[in-house]
Amino acid sequence: MANEEMISGSEMLMRILQREGVEYVFGYPGGSIMPVYDALYRHQGDIPHILTRHEQGAIHAAEGYARVSGKPGVVFSTSGPGATNLVTGMADALADSTPLVIITGQVDTEHLGFDAFQETDVVGMSLPVTKWSYQIRKAEDVAWAVARAFYVASTGRPGPVVLDFTHTAQCAKAVWDYHPCTRLRSYAPVPEIQSKPLAEAAVLLNSSRKPLILAGHGVALAKAEKQLAEVAEKIDAPVGLTLLGLSALPSSHPLCLGMAGMHGNIPVNIATNQADVILAVGMRFDNRVTGATEHYARQAKIIHIDIDETEFNKSIPADVAIHADAREALDKLLPLLRRNEHADWRAELKPHAEAEERLVIQPETAEREDCIHMGAVVSRVSAAFGDDAIVVTDVGLNQMMSARYSRFTQPDSIVTSGGLGTMGFGLPAAIGAKLARPDREVVLFLGDGGFQMTMQELGTIMEHNLDIKIVLLNNNFLGNVRQMQAMFCERRFSATPLANPDFMKIASAYGIASEDVERPEQLDDAIARMAAHKGAFLLNVNIDEENMVFPITRGGDPVDTIYVNLTDRYQG
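Since we're looking at a predicted model, the values are computed, not measured.

Here is what the cut-offs are and how they apply
Residues numbered from 1 in each chain as written. Predicted model: local features only at pLDDT ≥ 70, side-chain atom pairs only at ≥ 80, totals over all residues. Heavy atoms only, no water. Helix = DSSP H or I, 4+ residues; strand = E, 2+ residues; numbered from the N terminus. Buried < 20%, exposed > 50% of the residue type's maximum accessible area, 1.4 Å probe, protein only. Polar contact = N/O pair within 3.5 Å; in protein donor to acceptor, adjacent residues only side chain to side chain. Contact = heavy atoms within 4.5 Å. Domains from an automatic or database assignment. Buried area = accessible area lost by both parts, 1.4 Å probe. Salt bridge = Lys/Arg side-chain N within 4 Å of Asp/Glu carboxyl O. Nonpolar A, V, L, I, M, F, W, Y, C, P; charged D, E, K, R; others polar. Pairing = 2+ DSSP bridges. Axes fitted to C-alpha atoms, helices over the stretch in contact; angles between N-to-C directions. Parallel < 35°, antiparallel > 145°, perpendicular 65-115°, else oblique. Left-handed = near helix turned anticlockwise from the far one by under 90°.

### With respect to the side chain of Asp236
Moving on, step 1. In this structure, Asp236 sits in the loop between α11 (225-235) and β10 (239-241).
Moving on, step 2. With a relative accessible area of 9%, Asp236 lands in the buried category.
Moving on, step 3. In this structure the side chain of Asp236 is engaged in a polar contact, spanning 3.0 Å, whose partner is the side chain of Arg346.
Moving on, step 4. Those residues within four positions of Asp236 in sequence are excluded, and the remaining contacts are Leu255, Asn340, Glu341, His342, Ala343 and Arg346.

Written out as structure tokens, the structure is:
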């Protein structure tokens, strides 16, 4: 028709991003995606671009943004090495159900399969680590492909989607005609909830004497925090949280037992193997949560709520499986439940919390004369920000200490790499988290190993003047591996000691304020100065290299076989 507007595939992409409400694009340009960046230049005021210093930084920043905002993170990269540098982030996002729309440049359509410069089979290598991967070869396919990408990434169990955008399709023109995707024939992201399993779950919970709720990341993804609290309070059930489920219930809530699993809180893991009914909501019974599956909650009836039916019976058999969105399931379960109280059950668990406080928490957080422990740093940083900051972590001892000793008052307050455990995740993820919520404090906990994997992203913080508080727990070791070597390899510390640079000089080079803490008596004042500082700040805290995270359930042990130090098993 005469009034049809013909535009390039690249221009079409920009208009669609605006229609989809994209706030930021994280990326790194290159030859094969040049037309997209040229179109972006004409939309600078509409779609801010965050130029990271590495493609891995871009995708982790997009993950941090998505985790805090609830919206898909958008990533641009060029072909070849640009695309391959994104694969770790794809796998990380898939493991943690993080919605991403990833646009990779690709060589011209006619050059596909001829080993052209920087040609890589992006679709082939990304299929195992994405929800959907597709190559756009014609401009006519841009609109429907991008619409579908946003729909698939953000619905059902969220995850990453890749569009491999050939140079030909970026440059060619097609009719501008865009319609957001609202359904796909072969894809049912929100299952129709069935009344029978809800009724069966209610019968079990209403007759339970020792109920336990285990809540995972699915609660946050479904925005079901309010419903979780209502169900827990109505049936008076204690609540354990997975690593990614932390902050789904305030730390101060009287029913909150803390974190479950390998380095979890003692009462949660004891309760798991004593409860008669377990309501698992939006969690997948990861091996770090269950320990030895053959000994996991054998005495309990398991009710499992999940939007992804492939998680049912995968590692722990469910007596009742509720295939549903967590918020809808809890909403519909609530009126079927009788108001109850389980004071005796909660009283049984209280001595375990008191023992953990005495055996683990107090020794870890107490001020010492000779050295600094990570738990002391984390707990005091958390208090300095009113237990109200968004906590971002890297991976390792810093991650487990941050999870154990941070306190949370509101949802969406922890960003960490759970399923994949990606070192280098923390710094770029903090960038995305801060851009998503500039109104909230963002505190990043790092180890010296993970920091150096993506340390170049300090340049991104500098360029955008981001107010991120960085706490470097520096023990001159790859601490988590060192702990395993101490426990299982007779202290043969193979390839774990680190010769570190002067982190203060590096921070200074990026115009970032910093302070070095070497002695325990310096810690509180340094934290106070960091909290009061406007702008990015690096606090380098020199940690006792012998500091380890306890309690621990060793791999292959039942979840209630708990060690409070290297040799002593918790006796309860």
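### A word on the domain arrangement of the protein
Moving on, step 1. Parsing the protein into structural domains produces domain 1 (6-175), domain 2 (195-348) and domain 3 (372-542).
Moving on, step 2. Computed from C-alpha coordinates alone, the two centres of domain 2 and domain 3 are separated by 31 Å.
Moving on, step 3. Listed as interface residues are 15 residues of domain 2 and, on the opposing side, 17 residues of domain 3.
Moving on, step 4. Here domain 2 meets domain 3 over a buried area of about 1400 Å², counting both sides, of which 59% is carbon and sulfur.
Moving on, step 5. Taken as a group, Leu243, Ser247 and His263 account for 38% of the area that domain 2 buries against domain 3, more than any other trio of residues on that side.
Moving on, step 6. Our count for the domain 2 to domain 3 interface comes out at one salt bridge.
Moving on, step 7. When the shortest N-O distance is used, the salt bridge between Lys223 and Asp412 registers 2.9 Å.
Moving on, step 8. The tally of links from domain 2 across to domain 3 stands at six residue pairs in polar contact (both at pLDDT 80 or more).
Moving on, step 9. Looking at side-chain class alone, the side of domain 2 that touches domain 3 contains six nonpolar, six polar and three charged residues.

### Details of the sheet that holds strand β20 (residues 537-542)
Pairing between sheet strands relies on hydrogen bonds along the backbone, with the strands arranged either parallel or antiparallel.
Moving on, step 1. Ordered in space as β16-β15-β17-β18-β20-β19, the six strands form an open sheet in which the pairing is parallel. What marks the edges here is a single partner per strand, and that holds for β16 (414-415) and β19 (513-517).
Moving on, step 2. Where β19 and β20 come together, five bridges link them in parallel fashion. Bridge pairing in β20 links Ala513 to Phe537.
Moving on, step 3. Contacts from helix α23 (residues 523-532) reach β18 (468-474), β19 and β20 within the one sheet, and its direction differs from that of β20 by about 165 degrees.

### A closer look at the pairing of strand β14 (residues 320-323)
Moving on, step 1. Burial of β14 is one-sided: the residues Val320 and Ile322 facing one way are buried, the residues Ala321 and His323 facing the other way are not.
Moving on, step 2. By the bridge criterion, four bridges tie strand β13 (residues 301-306) to β14 in an arrangement that is parallel. Among the inter-strand pairings, Asp306 is bridged to a residue of β14, identified as His323.

### Here we look at the side chain of His304
Moving on, step 1. Relative to the assigned elements, His304 resides in strand β13.
Moving on, step 2. Here Met283 takes part through its backbone oxygen, which lies 2.8 Å from a polar atom of the side chain of His304.
Moving on, step 3. Setting aside residues up to four positions removed in sequence, His304 forms contacts with Ala280, Met283, Phe285, Glu311, Phe312, Ala318, Val320, Ala321 and Ile322.

### Some remarks on the sheet that holds strand β7 (residues 160-166)
Moving on, step 1. In space, the six strands of this open sheet follow the order β3-β2-β4-β5-β7-β6, with parallel pairing throughout. Only two strands of the sheet have a single neighbouring strand rather than two, namely β3 (49-51) and β6 (132-136). Averaged over all adjacent pairs, the angle separating strand axes in this sheet is 20 degrees, with direction ignored.
Moving on, step 2. Both β6 and β7 contribute to a ladder of five bridges, which runs parallel. Bridge pairing links Ile136 to Phe165 in β7.
Moving on, step 3. Where helix α2 (residues 34-41) meets the sheet, its contacts fall on β2 (25-28), β3, β4 (73-77) and β7, and the angle it forms with β4 comes to roughly 125 degrees.
Moving on, step 4. In this fold helix α3 (residues 55-69) packs onto β2, β4 and β5 (100-106), with an angle of close to 170 degrees to the strand it touches most, β4.

### A short note on the packing of helix α1 (residues 9-19) against α2
Moving on, step 1. Running from amino to carboxyl end, α1 crosses α2 at an angle of 50 degrees, the nearest separation of the two axes being 8 Å. Relative to α2, the element α1 lies oblique. In this structure, the crossing between α1 and α2 has a hand that is right-handed. Each of Ser10, Glu11, Leu13 and Met14 in α1 lies in contact with α2, whose residues at this interface are Pro35, Val36, Ala39 and Leu40.
Moving on, step 2. Class assignment for the residues of the contact of α1 with α2 results in six nonpolar, one polar and one charged.

### Quick notes on the pattern of salt bridges
Moving on, step 1. Within the structure shown, the criterion is met by 27 salt bridges.
Moving on, step 2. Two residues, Arg67 and Asp96, come together in a salt bridge whose shortest N-O distance is 3.8 Å. Here Arg67 is found in helix α3, whereas its partner Asp96 is found in the loop between α5 (87-95) and β5, with 29 residues between them in sequence.
Moving on, step 3. Under the relative-accessibility criterion, Arg67 is labelled buried at 11%.
Moving on, step 4. Overlapping salt bridges bring together Arg157, Asp308, Glu311 and Lys314 as one network.

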